[in-house]
Amino acid sequence: MQKFINKLQSSLNDGSFVKLTLSKPRAKSQEPRANLNNVYVKPIILKNEKMFSFTYRYERRDETKNYDAEQSFEIITNFINEVFLNASLFTLTEDVTLLISKKGKATVMTKAVKEQRDQNVQHDKVKNRLINTDNPWWFKLGLTTREGKVTADMQHKFKQICKYVEIVDGVMKNVKFDGKVRIADMGAGKGYLTFALYEYLTQRCKYDIEMEGVEIRPDLVVKINEIIKESNLKDFRFVESSIDSYQISAVNSQSIAHGSRLMAHGSLDVLIALHACNTATDDAIIKGIESGAKLIICAPCCHKQIRQEMEKSKIVDPITRYGIFLERQAVMITDAIRALIMEYFGYKTQVMEFIEMEHTPKNILLVGRKSDAPVDKEAILKQIEDLKKQYRIEKHYLEKVLFFKPLN
Ligand SMILES: C[S@@+](CC[C@H](N)C(=O)[O-])C[C@H]1O[C@@H](n2cnc3c(N)ncnc32)[C@H](O)[C@@H]1O
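The paragraphs below set out a description of the structure included in this document. (Residues numbered from 1 in each chain as written. Predicted model: local features only at pLDDT ≥ 70, side-chain atom pairs only at ≥ 80, totals over all residues.)

### Re helix H10 (residues 323-344)
- Given a rise of 1.5 Å per residue, 22 residues ought to cover 32 Å, and the 31 Å separating the end C-alpha atoms of H10 matches this to within 8%.
- Within the span of H10, buried status applies to Ala330, Ile333, Thr334, Ile337, Arg338, Ile341, Met342 and Tyr344.
- Against the buried residues of H10 lie helix H8 (280-290), strand E15 (295-299), helix H9 (304-313), strand E16 (347-353), strand E17 (364-370) and helix H11 (377-390).
- Note on H10: the residue one or two positions beyond its end, glycine 346, has a positive phi of about 90°. (Helix = DSSP H or I, 4+ residues; strand = E, 2+ residues; numbered from the N terminus. Expected span 1.5 Å × (residues − 1). Buried ≥ 20, exposed ≤ 12 C-beta atoms within 10 Å, placed from the backbone. Contact = placed C-beta atoms within 7 Å.)

See the structure below:
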């Protein structure tokens, strides 16, 4: 223990301190809100003075306080002696881990740092970012360095993450939710956007949410669930399933403790599907409609089904005779019919730009908000039929939902 404390003291005083994480509290309080799960410490410049910023992570909130080196040393040693069993210290030259057993036996592990390390010291005028890249999951997901700096090749993904969170936040503010908000992210992939939304809604907006990422690739599901577990993120999980066979679940705190799922049909508030391939987006929209989701947000990916139908019909008009225009027209028809079908089921729809075209042509976000306003279903069906007739489309995959009876 003394070895760790000595290293901590010298790093705080000689300027080599990069960051410190305290984890694994010795005891839980009866009052969950009082539970301090982690403390994160990093250097910061305040009014030209070097200070240390402490982020106290409680069950439902974060608190930040700044101290000088001497105060920081005292607070951290108190925490190690009385509150936390694990501490990880990162300095410019080494990583030092302290593990204290329940019986009080301390083990210290030291690893030399090979790469050139950046202290990433923030100044008081930091950018007010929607996502806190110091959160440990961003490093585990591969978005940042160990010090919380977005890596060069993930800059574009980070931009997309921030834009996405900004849009969803704007959309969610206009929807009234009661109690816990249940969210399913279909075709969640490596989880960047799923974690971003979870972090933003729980840490910044203080929503009480329950989130499931649905992904068909078992390797990804296992990996992401490990990160969720290590990060102690509650009411959050990835489920291995294809979108169309996904069964909407409700996870209550008791069932999480026992590692099982409770089925509760029709209990989804927000359905998300970002870049789910071809008709997987339609399967996701069907789940949203069936479960009476208040919000459906999708960023369609490839649009093979309609394009193939258009190619098959060999219709040649001044637009579709050009291959590129045929491709774009297929995209617009696919998504226009999706929007019409969502409207048929009472969703007010909006189409917005996700990120700039320079990054990807798949940049459309289709948003449906459930409304009580009356709908002229006959008129909508006619518009769908007219579009299909014009481009000799036999059927749109999503039309099959028209024969279902949604729950509400
Ligand atoms: C292009 S990635 C998108 C990942 C993430 N949503 C994003 O936008 O960054 C699509 C993901 O959906 C998964 N996927 C494709 N079809 C699926 C299906 N029918 N059911 C479940 N997952 C599916 C793929 O394995 C892949 O990980």
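### Comments concerning the site of the ligand
- Residues in close proximity to the ligand total 17 residues, the closest being Gly187, Gly189, Ile216, Leu274 and Ala280.
- Elements that contribute at least two residues to the shell around the ligand include exactly helix H5 (192-204) and strand E10 (209-215).
- Class assignment for the residues of the shell around the ligand results in 11 nonpolar, four polar and two charged. (Near = placed C-beta within 6 Å. Nonpolar A, V, L, I, M, F, W, Y, C, P; charged D, E, K, R; others polar.)

### Some points on the pairing of strand E11 (residues 236-240)
- Relative to E11, E10 is paired through five bridges, and the arrangement is parallel. Looking across to E11, one finds that valine 214 is bridged to valine 239.
- Assessed by its sense of winding, the connection that carries the chain from E10 through helix H6 (residues 218-230) to E11 is right-handed. (Pairing = 2+ DSSP bridges. Right-handed = clockwise from strand over helix to strand, strands pointing away.)

### Some points on the packing of H10 against H11
- Where H10 contacts H11, the axes come no closer than 9 Å and their chain directions differ by 165°. By the criterion of interaxial angle, the relationship of H10 to H11 is roughly antiparallel. Note on packing geometry: the crossing formed by H10 with H11 is left-handed. Packed against H10, whose contacting residues are Ile333, Ala336, Ile337, Leu340, Glu343 and Tyr344, the element H11 presents Lys377, Ile380, Gln383, Ile384 and Leu387 at the interface.
- For the contact of H10 with H11, the class distribution of residues is eight nonpolar, one polar and two charged. (Axes fitted to C-alpha atoms, helices over the stretch in contact; angles between N-to-C directions. Parallel < 35°, antiparallel > 145°, perpendicular 65-115°, else oblique. Left-handed = near helix turned anticlockwise from the far one by under 90°.)

### Topic: the nonpolar core
- Within the largest apolar cluster, 67 residues are counted, with the highest numbers of intra-cluster contacts made by Met186, Ala196, Leu271, Ile272, Ala284, Ile296 and Cys298.
- The residues contacting alanine 196, other than those within four sequence positions of it, are Ile131, Ile161, Tyr164 and Val165.
- Judged by nonpolar contacts, the second largest core, of 20 residues, contains Phe4, Phe52, Phe54 and Ala87. (Core = buried A, V, L, I, M, F, W, Y, C linked by C-beta atoms within 7 Å.)

### Overview of H5
- When the terminal C-alpha atoms of H5 are compared, their 17 Å separation across 13 residues agrees well with the 18 Å that a helix rising 1.5 Å per residue should span.
- Along H5, the positions that sit buried rather than exposed are Tyr192, Leu193, Thr194, Phe195, Ala196, Leu197, Tyr198, Glu199, Tyr200 and Leu201.
- Against helix H3 (136-141), helix H4 (155-172), strand E9 (181-186), E10, E11 and strand E14 (270-274) lie the buried residues of H5.
- Where H5 terminates, the next one or two residues include lysine 206, which has phi positive at roughly 60°.

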